[in-house]
Amino acid sequence: MQLVDAVASRRGLDRDSVIAFLEDAAAAGMNRPSYKSVTQFAAGMRAIRLRRNDTLGTPLFRDPAWDMLLDLMVADDEVRSVSVSGLCHASGVPTTTALRHFERLETLGLLARTPDPRDKRRFWVKGTPGTLERVREIVARLQAEA
């Protein structure tokens with residue numbers, strides 16, 4: 001961390017930016033490609049998945065449950081809260097379809113919702129213990145193969 005702090009003060013960057021810079025420099029020095037974090041990779045993968053139907057002009061390819069889990073993983077890493085309606089939007093399918101998938105994930109114990117203490121109409125969603133770690137493992141495997 002001393003190296004990170006020294007580079008941060010010299011370049012006027014935050015720690016995360018310095019760590020990314022050092023990772024890229026190390027990868028370049030070893031003639032290896034630079035890789036994004038698992039979270040960045042998951043966010044990019046999710047964006048590509050959501051654009052896939054638009055690009056091909058057909059609504060054949062959807063996996064709303066997986067897209068919801070990816071969104072929860074990214075939100076967890078970004079320390080960002082996700083509402084039920086936000087998660088439904090992230091799924092890329094109509095709300096009624098997304099709610100069916102949401103309820104299935106909840107029934108399977110992969111996610112849980114808690115009421116918003118300030119707004120009784122809203123619920124916050126989080127992955128249950130172990131769920132997001134398993135999603136991260138899957139994404140890391142996909143990233144390693146990419």
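Residues numbered from 1 in each chain as written. Predicted model: local features only at pLDDT ≥ 70, side-chain atom pairs only at ≥ 80, totals over all residues. Heavy atoms only, no water.

K.L.:
How should the overall build of the protein be read in this particular structure?
P.N.:
Within the protein one finds seven helices and three strands. Starting at the N terminus, the α and β elements of the protein follow one another as α-α-α-α-β-α-α-β-β-α. Scaling as 2.2 N^0.38, a compact globule of 146 residues should have a C-alpha radius of gyration of about 15 Å, whereas the protein reaches 18 Å, well beyond that. C-alpha extents for the protein along the principal axes are approximately 50 × 40 × 25 Å. In the protein, which comprises 146 residues, the share counted as buried stands at 32%. Considering only contacts in the protein between residues 6 or more positions apart, those separated by 24 or more positions represent 50%. Total accessible area on the protein is roughly 9,700 Å²; 55% of this is exposed by carbon and sulfur atoms. Within the protein, the 19 negative side-chain charges are centred at a point lying 3 Å from the centre of the 22 positive side-chain charges. (Helix = DSSP H or I, 4+ residues; strand = E, 2+ residues; numbered from the N terminus. Rg over C-alpha atoms; globule rule 2.2 N^0.38 Å. Buried < 20%, exposed > 50% of the residue type's maximum accessible area, 1.4 Å probe, protein only. Contact = heavy atoms within 4.5 Å. Areas by Shrake-Rupley, 256 points an atom, 1.4 Å probe, with all protein chains shown as cover. Lys, Arg positive; Asp, Glu negative; His and termini not counted. Charge placed at Lys NZ, Arg CZ, Asp CG, Glu CD.)

K.L.:
Which parts of the structure should I look at to understand the packing of helix 3 (residues 38–56) against helix 4 (residues 64–77)?
P.N.:
Running from N to C, helix 3 and helix 4 point in directions that differ by 145°, and their axes come no closer than 9 Å. Helix 3 and helix 4 meet at a crossing whose hand is left-handed. Every residue of helix 4 that contacts helix 3 at Val38, Thr39, Ala42, Ala43, Met45, Arg46, Arg49 and Leu50 is listed here: Trp66, Asp67, Leu70, Asp71, Met73, Val74 and Asp77. (Axes fitted to C-alpha atoms, helices over the stretch in contact; angles between N-to-C directions. Left-handed = near helix turned anticlockwise from the far one by under 90°.)

K.L.:
Help me out: how do you make sense of the pattern of salt bridges in this one?
P.N.:
Opposite charge on two side chains permits them to pair, given that their charged atoms come into close proximity. Counting across every chain of the model gives seven salt bridges. The salt bridge partner of Arg80 is Glu78, with a shortest N-O separation of 3.0 Å. For Arg80, a relative accessible area of 37% corresponds to the partly exposed category. Judged by relative accessible area, Glu78 falls into the partly exposed class, the value being 46%. The residue Asp116 makes a salt bridge to Arg122 at a minimum N-O spacing of 2.8 Å. (Salt bridge = Lys/Arg side-chain N within 4 Å of Asp/Glu carboxyl O.)

K.L.:
Sorry if this is basic, but what is going on with the environment of Ala6 here?
P.N.:
Among the structural elements, Ala6 can be located in helix 1 (residues 2–11). A residue is classified by how much of its surface remains accessible, and Ala6, at 30% relative accessible area, is partly exposed.

Read these as geometric descriptors, not functional statements.
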